[in-house]
Amino acid sequence: MAVSTAVRRYYATEIFAKTGRDRAPPNFVPLDDPPTGTAHVEGCRGGGKNILEVAIVASGSGDVARIEDIRVSCGLCNPAMYAAADILCTWSRGRTAAEVLAVDGGDVDQLAPFYALLGGPGRPDDAREKFQYVLAAVQNAVRDHRGEAPVALPEIAEPTERDHDDPDAWDEP
Amino acid sequence: MAFDATRLAAIRSDFPALERRRNGKPPIYLNNTCMTLRPRPVIEALLSYYERFPTCGGGRSLGTHDLHNWFQEELREREEAAREAVRALLGAERADEIVWTRNTSEALNIVAHGYRLEPGDEVLGSEREHNSNLVPWLEAEARLRKETGDPSLTVRRFFDLNEDGSFNVDNALAAITPRTKVVALGHASNLDGTTIADAELVAIADRIHAQGGILVLDAAQSVPHRPVDARALGVDFLACSFHKMCGPTMGALYGRYELLDALDPFVVGGDTVADTWLDRVEYKHAPGRFEAGLQDYAGMVATCAAIEYVTQEIGLAEIRAHEKVLNARLTERLLPLECDHFWVLGPRDSDKRGGVCTMASGVGAIVNAIERLGDERHNIMVRKGMFCVNSYLHRRFDQLGSSKNNLRASVYFYNTLDEIDALCEVVEEVVQNPLDHLDDA
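Residues numbered from 1 in each chain as written. Chains lettered and ligands numbered in written order. Predicted model: local features only at pLDDT ≥ 70, side-chain atom pairs only at ≥ 80, totals over all residues. Heavy atoms only, no water.

1. Points about the overall build of chain B
We count it as follows: Helix and strand definitions here come from DSSP, where helices need a minimum of 4 consecutive H or I residues and strands a minimum of 2 consecutive E residues; each element is numbered from the N-terminal end. By definition in these notes, contact holds between two residues if any of their heavy atoms fall within 4.5 Å. Computed with a 1.4 Å probe, the accessible areas rest on the Shrake-Rupley method; for each residue, only the protein chains presented here act as cover.
Within chain B, the regular secondary structure consists of 14 helices and 15 strands. When its C-alpha atoms are laid out on the principal axes, chain B stretches across 70 × 55 × 35 Å. Partitioning the intrachain contacts of chain B with sequence separation of at least 6 by distance along the chain shows that 71% fall at a separation of at least 24. Total accessible area computed for chain B in this model is approximately 17,400 Å², and 50% of it derives from carbon and sulfur atoms.

Encoded structure:
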């Protein structure tokens, strides 16, 4: 499936440009401290080893537990997954457990903050699918920090090419 | 090339899988480190068991003849010939030093489970052991921790390889302490093809033997490609797999007899016992005590055919020479492509990497695009991932974000330069314009 324009642009500037033989985007290297919560999700269809791992360091407990730091690891061959994981790390850092768990990933309107970080017009559906996968993993990492069992992955619809490519709608920088 | 075009074409005609076509093109199989293709003589040997003597070969000890019927006698003859072929292949002294296993992993588990370690004993390996030669020892460590009640007990230790991934014998020798009871090493790396030199292995064997310890060799990646003489190398236990050398999916464990026979059995039950009573069991001597239940008799017959095919029909020296030429071409074309987003793992000199060439990137999309485009355009089969050396890749590359983005091409004697060129063409296209290939990732 084609990669949406929004994902392509985000990936090129925020991921590819920051990746090299001696460097990686900051959200994709291990935490400095041992994680207090972890979770994983099979975020790309096809099975095998397409597993996104999320690790957080959080302080406090209950609803006021706060994510101090968060990192992800994956084969990350899929640009949309890369972008979604990066965006969810950025969005989650500093937020409380209550804020993270309040987001209903099944409601696309509630993904608006993530789309805002992605940039561009529209809500490309390849990003929607990966936002939902990564959000589920981040929420389970928070639950793990709180000593709670992980919640089963909700049903996530396969991506379409809705809102994928309308480069003319972009304001060139 | 070890083989001219005519010879290579004849060799390739032995492999039915190479006759297949998809989109009018044959397969390009470059995942030989994992599992090779099988030639007709091996397939026919496998079928011969089912067609001619499809019976039980169990219920006896090696060398005894307590079963007498038509099929079983024919099968016994072939099973003993197969065990003898493995003995000769590995340089064992006696056929009963050979245990049939499902694969190298099972063989190494037999050793790690059965060799008695005491609190304070240490097992030494390199920083890059295959999971099959790491996890069984970590489990041995876990058992000792449980037995002693000491959760901090450390059994498994490691030493560093050279920066380029090649073996460092000085580090290995320096890491052997008076407490080292077992040195367990991978002979050739499935990640970058680097191999421990014979003299280095002998030096390690001498050192560990001098203090009463043993040397265990994971030879899964060496036996299919070069002569390996366990006794000459001073190896006490050696594990290998035949599916990496044109055989069926099974393996073998070699053990110096007095050591092998002293191992505690791993999987027990039918056929491992000399006799049983309601309250006790008397196990057979090796190798029977390790071969629980009915075995893969078809696999044994086919293993014999595979060993004969690889060592006699083709020749290990010729295999090595052919792989050398193929990997030289691969390396010669890939090294100039190295950049911030793409590089080759291991030594620069392809001679030091056997038939293996692993490409790596911080950008998973590059690795995926190469794999997909290669498959779609040329039916190329390679392997991506961490290749069961997760611990090494985590240690070396996690901080650089590239531990999981590896793509391995591994050759065998039926591969051609044209196949190498087809892969290189795809790699060049993707690496030179990676952002144009995000849709392929």
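2. Brief notes about the packing of aromatic side chains
Here is the rule we go by: Think of it this way: a Phe, Tyr or Trp ring, Trp meaning its six-membered ring, pairs with another when their centres are within 6.5 Å, and the plane angle makes it stacked under 30 degrees, edge-to-face over 60, tilted otherwise. Here's how the labels work: a residue is buried when its accessible area is under 20% of the maximum for its type, exposed when over 50%, partly exposed in between, all with a 1.4 Å probe on protein chains only.
Per the stated rule, a full pass over the model turns up 18 aromatic pairs over all chains. Centre to centre, the rings of Tyr-11 of chain A and Tyr-82 of chain A are 5.7 Å apart; their planes meet at 70°, and the pair counts as edge-to-face. With Tyr-11 of chain A in helix α1 (residues 5-15) and Tyr-82 of chain A in helix α2 (residues 79-92), this residue pair connects regions lying 71 residues apart in the sequence. Using a relative accessible area of 1% as the deciding quantity, one classes Tyr-11 of chain A as buried. The interplanar angle of 80° and the centroid separation of 5.0 Å between the aromatic rings of Tyr-49 of chain B and Tyr-50 of chain B together place this pair among those described as edge-to-face.

3. Description of the domain arrangement of chain B
Residues and elements named next belong to chain B. What counts, and what does not: Segment limits for the domains were obtained from an automatic or database-derived domain assignment. Accessible area that two parts lose when put together, evaluated with a 1.4 Å probe and summed over both, is termed the buried area. Between Lys or Arg on one side and Asp or Glu on the other, a salt bridge is scored when a side-chain nitrogen of the former is within 4 Å of a carboxyl oxygen of the latter. Two N or O atoms count as a polar contact when they lie within 3.5 Å, although within protein this holds only if one can serve as hydrogen donor and the other as acceptor, and sequence-adjacent residues are included solely when both atoms are side-chain atoms. Note on residue classes: Ala, Val, Leu, Ile, Met, Phe, Trp, Tyr, Cys and Pro are nonpolar, Asp, Glu, Lys and Arg are charged, and everything else, Gly too, is polar.
Domain annotation of chain B identifies domain 1 (5-30 + 315-436) and domain 2 (48-310). Each of domain 1 and domain 2 was reduced to a C-alpha centroid, and the two centroids are 29 Å apart. On the domain 2 side, the residues contacting the 29 residues of domain 1 number 31 residues. Carbon and sulfur atoms supply 53% of the area buried between domain 1 and domain 2, which totals about 2,400 Å² over both sides. For the interface between domain 1 and domain 2, the tally reads four salt bridges. In this structure, Arg-395 and Glu-127 form a salt bridge, with 2.6 Å as the shortest nitrogen-oxygen distance. Viewed at the interface, domain 2 and domain 1 are joined by 14 residue pairs in polar contact (both at pLDDT 80 or more). Looking at the side of domain 1 that touches domain 2, the elements that each hand over two or more residues are α11 (316-334), β12 (356-360) and α13 (390-397). With six residues, α13 is the single largest residue contributor to the side of domain 1 that touches domain 2. For the side of domain 1 that touches domain 2, the class distribution of residues is 15 nonpolar, six polar and eight charged.

4. A look at empty space enclosed by the protein
Residue and element names in this part refer to chain B. The test is simple: Grid spacing is 1 Å over the protein atoms alone, the probe is 1.4 Å, and a cavity is where that probe fits but cannot get out, while a pocket is an open set with protein on both sides within 12 Å along at least five of seven lines and lining residues have an atom within 4 Å of a point. Grid points are joined across faces, edges and corners, and a volume is the space filled by probe spheres set on the points.
Scanning all chains against the criterion turns up one cavity of 30 Å³ or more. Taken together, 18 residues line the largest cavity, and the ones lying closest to its centre are Gln-221, His-225, Gly-354, Gly-355 and Val-356. Of the residues in the lining of the largest cavity, the class split is three nonpolar, 11 polar and four charged. The residues that make up the lining of the largest cavity include at least three from each of domain 1 (5-30 + 315-436) and domain 2 (48-310).

5. Describing the packing of helix α4 (residues 104-114) of chain B against helix α5 (residues 135-148) of chain B
Residue and element names in this part refer to chain B. To be explicit about the condition: All axes are obtained by fitting lines to C-alpha atoms, using only the stretch in contact for helices, and the reported angles, taken between N-to-C directions, cover 0 to 180 degrees. Roughly parallel here means an angle under 35 degrees, roughly antiparallel means over 145, roughly perpendicular means 65 to 115, and every remaining angle is called oblique. Rotating anticlockwise by less than a right angle from the far helix to the near helix defines a left-handed crossing, while the corresponding clockwise rotation defines a right-handed one.
One way to put it is that α4 packs onto α5 with a least axis distance of 9 Å and a crossing angle of 20°. One finds that α4 runs roughly parallel with respect to α5. Note that α4 runs across α5; the crossing there is right-handed. Residues Leu-108, Asn-109, Val-111, Ala-112 and His-113 of α4 lie in contact with α5, whose contacting residues are Pro-136, Trp-137, Ala-140 and Arg-143. Taken together, the residues of the contact of α4 with α5 sort by class into six nonpolar, two polar and one charged.

6. Concerning the interface of chain A and chain B
Each partner contributes to the interface: chain A provides 25 residues, whereas chain B provides 23 residues. Buried surface at the junction of chain A and chain B, both sides included, amounts to about 2,000 Å², of which 53% is carbon and sulfur. Broken down residue by residue, the surface that chain A buries against chain B is led by Phe-16, Arg-21 and Cys-77 of chain A, which jointly contribute 33%. Run the count over chain A and chain B and you get three salt bridges. Its salt-bridge partner being Glu-53 of chain A, residue Lys-404 of chain B comes within 2.6 Å of it at the nearest N-O pair. Listed by contribution, the elements that provide at least two residues to the side of chain A that touches chain B are α1 and α2 of chain A. Ranked by residue count, the leading element in the side of chain A that touches chain B is α1 of chain A, at three residues. When the residues that make up the side of chain A that touches chain B are grouped by side-chain class, the tally is 15 nonpolar, four polar and six charged.

7. Remarks on the layout of surface pockets
Estimates place the volume of the largest pocket at around 980 Å³. Forming the boundary of the largest pocket are 41 residues, of which Cys-44, Asn-50 and Cys-77 of chain A together with Asn-368 and Lys-384 of chain B lie nearest the centre. Where the lining of the largest pocket is concerned, the elements lending two or more residues are β2 (51-59), α2 and α5 (125-145) of chain A together with α12 (364-378) and β14 (383-384) of chain B. Tallied by class, residues from the lining of the largest pocket come to 18 nonpolar, 10 polar and 13 charged. What lines the second largest pocket is a set of 35 residues, and nearest its centre among them are His-130, Asn-190, Gln-221, Lys-244 and Phe-387 of chain B. Of the residues contributing to the lining of the second largest pocket, the split by class is 11 nonpolar, 17 polar and seven charged.

8. Digging into helix α2 (residues 40-52) of chain B
Note that an α-helix has 3.6 residues per turn; residues three or four places apart therefore point the same way. Residue and element names in this part refer to chain B. Keep this limit in mind: The span expected for a helix works out to 1.5 Å for each residue beyond the first.
If you check α2, its first and last C-alpha atoms are 17 Å apart, about what 13 residues at 1.5 Å a residue would give, namely 18 Å. Of the residues making up α2, those classed as buried are Val-42, Ala-45, Ser-48 and Tyr-49. Of the surrounding secondary structure, the elements contacted by the buried residues of α2 are α3 (70-90) and α10 (297-314).

9. As for the pairing of strand β2 (residues 98-101) of chain B
Remark: a regular strand shows side chains that alternate across the two faces of the sheet. Residues and elements named next belong to chain B. Quick reminder of the rule: A strand pair is defined by DSSP finding two or more bridges across the two strands.
Neither face of β2 is open: one carries Ile-98 and Trp-100, the other Val-99 and Thr-101, and all of them are buried. Note: β2 against strand β8 (residues 251-255), four bridges, orientation antiparallel. What sits directly across from Thr-101, in β8, is Gly-251.

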